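Architecture and fold: a report
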Amino acid sequence: MNRASLKRSKILHMALMGTSDPSGEAEASQEKPFVLRALQIALVVSLYWVTSISMVFLNKYLLDSPSLRLDTPIFVTFYQCLVTVLLCKGLSSLATCCPGTVDFPTLHLDLKVARSILPLSVVFIGMITFNNLCLKYVGVAFYNVGRSLTTVFNVLLSYLLLKQTTSFYALLACSVIIGGFWLGVDQEGAEGTLSWTGTLFGVLASLCVSLNAIYTKKVLPAVDGSIWRLTFYNNANACVLFLPLLLVLGELRALFTFPQLGSAHFWGMMTLGGLFGFAIGYVTGLQIKFTSPLTHNVSGTAKACAQTVLAVLYYEEAKSFLWWTSNMMVLGGSSAYTWVRGQEMKKTQEEPHPRENEKNNMEV
């Protein structure tokens, strides 16, 4: 038990500091040549980029394609959660039947655990639903700016709920993000493509992402610290909670009258969207494992930039200089905040603890 708790605390320390295990890193450097290590990192980062960008473009197709004309965003989100639940259960069964094939925890639906995770599941539902609704009403190019206030909400909620203060330089980075957000909204309005509904959903999605991070830390002990168990219970709860919403909002009725309901192509694209939703959790963890949490954040920022450029090219949109400036402000502010927080954590870790100083003085 002590060994398990020590291991968890060590992993948490590594995640907060954005560093890897020194002993494991030394062993890896001895076992693998630099070129092979660099190639692995490049492949993992590429896999993360391809999965994340493909998921956004595919979801945009499912949510707002003129050729598909499917106006059931809640059902699309529900189906993706259902695919994730089935994949988690399938991998768990495979790991049980064929040990060593896949590294996946054993999953059994415990109603007591499901109830304890329910508050997080409500926030989780808000996060994925508002994300999809934002993507439905805004273009892929503006999608990153529309959901850019997550960092700002992290700072605000950390102060309101956890009473944690933020440094001046971190607040300065947040002000750049806010400035970029408002400039982006202004430029979308000037070009006549602004959707206030989509922008509102983007802000709500950002709020839910921040709340999800806070509540995740609180409920992880209920699933023995397993992210995959939490993913399973979150999506299982979401499937149940989505059902009354589908009835109340009339999406089931709209689905039954959908012309392509019996199309294999339609269900194939829906299932592929669910697979991407499941895969993004895996490749995110993989990227953090092979690099660091700090590098993952930098990679995510660069990916958002590439995604914006691809969207503008794919949809053949013409954007003004100020529109591009708003994107650079959001991406630059996010990168600056990540760097500042990383430096602060490193400095805090390097400073000797007061109690350790007292102990050393007593020993002397």
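Residues numbered from 1 in each chain as written. Predicted model: local features only at pLDDT ≥ 70, side-chain atom pairs only at ≥ 80, totals over all residues. Heavy atoms only, no water.

If you look the protein up in an unreviewed UniProt entry, it shows as Solute carrier family 35 member C1 from Moschus moschiferus. On record in UniProt, under Function (unreviewed entry), the comment for the protein is "Putative transporter." If you open the UniProt record of the protein and go to Subcellular location (unreviewed entry), you find "Membrane". (UniProt positions renumbered as here; feature names shortened; annotations may be inferred.)

**Here we look at the packing of aromatic side chains**
Counting across every chain of the model gives 17 aromatic pairs. A connected cluster of aromatic rings, assembled from ring pairs, spans Phe75, Phe78, Tyr79, Phe258, Phe266 and Trp267. Of note, Arg147 hangs over the ring of Tyr143, and the distance from its end group to the ring centre comes to 4.1 Å. (Phe/Tyr/Trp six-rings, centres within 6.5 Å; stacked < 30°, edge-to-face > 60°. Lys NZ or Arg CZ within 6 Å of the ring centre and 35° of its normal.)

**A word on the packing of helix α4 (residues 73-97) against helix α10 (residues 227-248)**
As a packed pair, α4 and α10 sit with axes 8 Å apart at the nearest point and diverge in direction by 145 degrees. The handedness of the crossing between α4 and α10 is left-handed. Only Trp228, Thr231, Phe232, Asn235, Ala236, Ala238, Cys239, Phe242, Leu243, Leu245 and Leu246 of α10 make contact with α4, whose side of the interface consists of Ile74, Phe75, Thr77, Phe78, Cys81, Leu82, Thr84, Val85 and Cys88. Residues belonging to the contact of α4 with α10 are distributed by class as follows: 16 nonpolar, four polar and no charged. (Axes fitted to C-alpha atoms, helices over the stretch in contact; angles between N-to-C directions. Helix = DSSP H or I, 4+ residues; strand = E, 2+ residues; numbered from the N terminus. Left-handed = near helix turned anticlockwise from the far one by under 90°. Contact = heavy atoms within 4.5 Å. Nonpolar A, V, L, I, M, F, W, Y, C, P; charged D, E, K, R; others polar.)

**Some thoughts on the layout of surface pockets**
Roughly 240 Å³ of volume is contained in the second largest pocket. Surrounding the second largest pocket, Phe57, Lys60, Tyr61, Asp64, Ser65, Pro66, Gly139, Val140, Tyr314, Tyr315 and Glu317 form its lining. Top element by residues in the lining of the second largest pocket is helix α3 (residues 34-64). It accounts for four residues. Class assignment for the residues of the lining of the second largest pocket results in six nonpolar, two polar and three charged. (1 Å grid on protein atoms, 1.4 Å probe; cavity = no way out; pocket = protein on both sides within 12 Å on 5 of 7 lines; lining within 4 Å. Points joined across faces, edges and corners; volume = space filled by probe spheres on them.)

**A look at the packing of α3 against helix α5 (residues 111-137)**
Put simply, α3 and α5 touch, their axes get as near as 9 Å, and they point 75 degrees apart. Relative to α5, the element α3 is oriented roughly perpendicular. Residues Val56, Asn59, Lys60, Leu63 and Asp64 of α3 touch α5, and the partners they reach there are Asn132, Leu135 and Lys136. (Parallel < 35°, antiparallel > 145°, perpendicular 65-115°, else oblique.)

**Describing the environment of Tyr282**
Of note, Tyr282 is situated in helix α12 (residues 264-290). Assessed through its relative accessible area of 45%, Tyr282 is described here as partly exposed. For Tyr282 and Tyr48, which are 234 residues apart along the polypeptide, the C-alpha to C-alpha distance reads 9.1 Å. (Buried < 20%, exposed > 50% of the residue type's maximum accessible area, 1.4 Å probe, protein only.)

**Quick word on the pattern of salt bridges**
One side chain can pair with another of opposite charge once the charged atoms of both are near each other. Applying the stated criterion across every chain, the model contains six salt bridges. Between Glu188 and Lys319 there is a salt bridge, with its nearest N and O atoms 3.5 Å apart. Of this pair, Glu188 sits in helix α8 (residues 168-190) while Lys319 sits in the loop between α13 (293-314) and α14 (321-350), and the two are 131 residues apart along the sequence. Residue classification places Lys319 among the buried positions, given a relative accessible area of 19%. (Salt bridge = Lys/Arg side-chain N within 4 Å of Asp/Glu carboxyl O.)

**Concerning the confidence of the model for the protein**
Of the residues in the protein, 87% reach a pLDDT of 70 or more, and the chain-wide mean stands at 85. Long-range and interchain partners of residues 1-30, a stretch whose pLDDT sits below 50, account for 18 contacts in this model, where long-range means more than four residues apart. Below pLDDT 50 for its whole length, residues 358-364 participates in zero contacts with residues either more than four positions away or in separate chains. (pLDDT = per-residue confidence, 0-100.)

**A few points about the environment of Ala236**
Looking at the secondary structure, you find Ala236 in helix α10. With 115 residues separating them in the primary sequence, Ala236 and Ser121 have C-alpha atoms 9.0 Å apart.

**Section: the UniProt feature "transmembrane region" (unreviewed entry) in the protein**
The positions that UniProt labels "transmembrane region" (unreviewed entry) are, in the present scheme, residues 38-62, 74-96, 116-134, 141-162, 168-185, 197-215, 235-252 and 264-284. For residues 38-62, helix accounts for 100% and strand for 0%, while the C-alpha atoms at its two ends are 36 Å apart. For residues 168-185, the end-to-end C-alpha separation is 26 Å, with 100% helix and 0% strand making up the annotated structure.

**Here's the deal with α13**
A rise of 1.5 Å per residue sets the reference length of α13, with its 22 residues, at 32 Å; its end C-alpha atoms lie 31 Å apart and thus fit the reference within 8%. Those residues of α13 not exposed but buried are Pro293, His296, Ser299, Gly300, Thr301, Lys303, Ala304, Gln307, Thr308, Ala311 and Val312. In the stretch just after α13, Glu316 is the one whose phi turns positive, near 55 degrees. (Expected span 1.5 Å × (residues − 1).)

**Quick word on the side chain of Lys60**
Looking at the element boundaries, Lys60 is found in helix α3. We classify Lys60 as buried; its relative accessible area is 10%. Here Leu135 takes part through its backbone oxygen, which lies 2.8 Å from a polar atom of the side chain of Lys60. Looking at Lys60, its side chain comes within polar contact range of the main-chain oxygen of Lys136, at 3.4 Å. Sequence-distant contacts of Lys60, that is, excluding residues within four places in its chain, are made with Ser65, Leu135, Lys136, Val138, Gly139, Val140 and Tyr315. (Polar contact = N/O pair within 3.5 Å; in protein donor to acceptor, adjacent residues only side chain to side chain.)

**Describing the state of the cysteines**
In total, this model carries zero disulfides according to the counting rule given. Of the cysteine sulfurs around Cys97, a residue in no disulfide, the closest is that of Cys98, at 5.9 Å. Overall, the relative accessible area of 64% leaves Cys97 in the exposed class. (Disulfide = S-S within 2.5 Å.)

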